[in-house]
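These are the residues of each chain, in order.
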2 protein chains.
Amino acid sequence: MFNSYRAVLNLPESKWEEFQCYYNRLEVPARTILLQEGEISKRAYLIEKGCVRVWFNNDGMDTTFQFFFENESVSSVESFRRQIPSPVTVETVEPCVLHWIHKDDLDQVFGDIYSDPANSAALSEMLFERQLHYMKHCISFIKHSPADRYVQLLRESPHIIQRVPQHYIASYLGITPVSLSRIRKKLMREGKI
Amino acid sequence: MFNSYRAVLNLPESKWEEFQCYYNRLEVPARTILLQEGEISKRAYLIEKGCVRVWFNNDGMDTTFQFFFENESVSSVESFRRQIPSPVTVETVEPCVLHWIHKDDLDQVFGDIYSDPANSAALSEMLFERQLHYMKHCISFIKHSPADRYVQLLRESPHIIQRVPQHYIASYLGITPVSLSRIRKKLMREGKI
DNA sequence: TGGATTTCTTATCTTTTGTTAACGTCCGGG
DNA sequence: CCCGGACGTTAACAAAAGATAAGAAATCCA
C-alpha cells in the first residue's frame, strides 16, 4: 500500500499495520460520485491512481474547489470531521483506484493519537501546513488576474492542466469556460504557451 | 488581561499565570508598522483595543489580506512559526492597545503543550477551525462577484466596513477603490444599502 | 483655525469578463 | 458505423472592472 499518511505522521510500525488493514480497495470509472453534497461523509479516500475533484453547486453551475491526484487523500473534510452535511460533492475525474477507510475505523485507530506527543506535534504541523496552503490560495485570488493564475497553474501544477477538462479548470480559477478559452488564445498569440 | 487563548486552549490555571506574565503592553498610534514585509517575526500580538491589518506589496500596490480586531491575536503566522522572512506587513489601522509575547517566551510556555493530550486536541481543533476559515474564504472568491462579497461583508462583518477605510476593503475584496465606489453607488441606487 | 494629507467619488476611456448561441471535434456505446 | 453527449472554440453583444485624472469631502494636526 502507499504511505501518504505514514510520511507525515510517522506512525509506529504496529499502529501502521493496524491502520492499513482497515482500508478497502475500490475501483471506479470516471465521473463517479464518491460523496454527494448534503450527505454526511463516512469515508476518507486515498488515491492510488486517478484524479478526484471537489466541487459545489453554485446556482445550478458546477464550480470546482480543488483537484486531488495520486498519493493524496481526499474527503469532504468538514463533513468527515464534524459529521455534518457536506457542502461539497466529491467526484472522480478519471477512472480511479482508491482506498477508503470508514470514519469509525479511523477514529478507532487514531483514538489515542494525542497520547503520543510526537504524533500530536506531527498532526499539528500537518494542519498548519494546510492552513498556509489555503491562505496562499486566497492570496492568489486577491493578488493575481485570472490570466496570471492560469499561467501560474501551468507552471506549478502542469499535471492539473494536462489531466483535467478545461471547463473544470475555468471554474477552479473562478471564471467561465469561454473566458478561459479566450485567455488561452491570447497567451498563445503572445507565445506564452 | 484577556482570555482569547484561554477560551480555546483551556490551559490549567498554573500555566495560564505563567503565560500571562510574559505579555508586554504596548500602545501605538494608527498606521504603525508592527512587522515589515521581509523581517522575521519575533512577536505575536493580542489586540485589547483597535484594529490591525495584514497586507502585502503587490507591484507597488498595497493589498490587504486580513483585518483583526479586539480579542483577536495577530502575527505573520508563517514567519512567526517558521522564523522565515515575512511575506506580509502587519500594521495598525486605528490607535491600538496591544499585548505582545516574544517567540522565545511562547516556545518556553508551550514547550510541553503536546505532553497533555487535552491541549493537543484543543490545538488541533483550533488549527482545523482556521483551515476551514481559509477554505471558506477561498470559496467566496470562486463563488461570488465582488458586489456579492461586499454585501456579504456588510451583513456578516459590519464592524469591518464601519471601522476600516474603504480603499483597504477594496483590496481585501480583490478590486480597486474606484470599482468599490461604483459598486456601493449601485447598491445604494437599488436600496440594498 | 487653516493647510496638508488622506479618503472617496465621479468621469472617460480601455480592457476584461459574462452571456448566449452556434459550430466542430472527439469519443464511447449501441 | 452512426448517434449522442461531452468538450472546446468562436462570435456578438452586454456588463463589469481597470487605469487615469480631477475634484470634493473628511480628517488630522500644528
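Please read these numbers as outputs of a predicted model, since none were measured by experiment.

Peer 1: Summarise the packing of helix 6 (residues 146-156) of chain A against helix 8 (residues 166-173) of chain A; cite the residues concerned and give the values.
Peer 2: Residue and element names in this part refer to chain A. Where helix 6 contacts helix 8, the two axes come as close as 10 Å, and the packing angle between them is 120°. With respect to helix 8, the axis of helix 6 lies oblique. At the point where helix 6 passes helix 8, the crossing takes the right-handed sense. In this structure, helix 6 contributes Pro146, Arg149, Tyr150 and Leu153 to the contact, and helix 8 contributes Ile169, Tyr172 and Leu173. The class makeup of the residues in the contact of helix 6 with helix 8 is six nonpolar, no polar and one charged.

Peer 1: Which residues make up the pairing of strand 3 (residues 43-49) of chain B, and what values go with them?
Peer 2: Residue and element names in this part refer to chain B. Pairing of strand 3 with strand 8 (residues 96-102) involves six bridges; the strand directions are antiparallel. Within strand 8, the position partnered with Lys49 by the bridge is Val97. Judged from the two bridges that link them, strand 3 and strand 6 (residues 73-74) form a sheet pairing that is antiparallel. What sits directly across from Leu46, in strand 6, is Ser73.

Peer 1: Break down the sheet that holds strand 7 (residues 89-92) of chain A for me, citing the residues and quoting the values.
Peer 2: Overall, antiparallel pairing links the four strands, which are arranged 2-7-4-5 (chain A) in an open sheet. Strands at the two margins of the open sheet, each flanked by one partner only, are strand 2 (33-35) and strand 5 (61-68) of chain A. Taking each pair of neighbouring strands and ignoring which way they run, the sheet shows an average axis angle of 35°. Where strand 4 (residues 52-58) of chain A lies against strand 5 of chain A, seven bridges are found, and the strand directions are antiparallel. Across the sheet, residue Val52(A) finds its bridge partner in strand 5 of chain A, namely Phe68(A). Strand contacts of helix 5 (residues 117-143) of chain B: strand 4 and strand 5 of chain A, with the helix running at about 140° to strand 5 of chain A, the strand carrying the most contacts.

Peer 1: Which residues make up the protein's contact with DNA strand C, and what are the values?
Peer 2: Near DNA strand C lie 18 residues; those nearest to it are Ser179(A), Arg182(A), Lys186(A), Gln166(B) and His167(B). Looking at the surface near DNA strand C, the elements that each hand over two or more residues are helix 9 (177-189) of chain A together with helix 8 (166-173) and helix 9 (177-189) of chain B. Taken together, the residues of the surface near DNA strand C sort by class into six nonpolar, six polar and six charged.

The rules we used
Residues numbered from 1 in each chain as written. Chains lettered and ligands numbered in written order. Predicted model: local features only at pLDDT ≥ 70, side-chain atom pairs only at ≥ 80, totals over all residues. Heavy atoms only, no water. Axes fitted to C-alpha atoms, helices over the stretch in contact; angles between N-to-C directions. Helix = DSSP H or I, 4+ residues; strand = E, 2+ residues; numbered from the N terminus. Parallel < 35°, antiparallel > 145°, perpendicular 65-115°, else oblique. Left-handed = near helix turned anticlockwise from the far one by under 90°. Contact = heavy atoms within 4.5 Å. Nonpolar A, V, L, I, M, F, W, Y, C, P; charged D, E, K, R; others polar. Pairing = 2+ DSSP bridges. Near = heavy atom within 4 Å.

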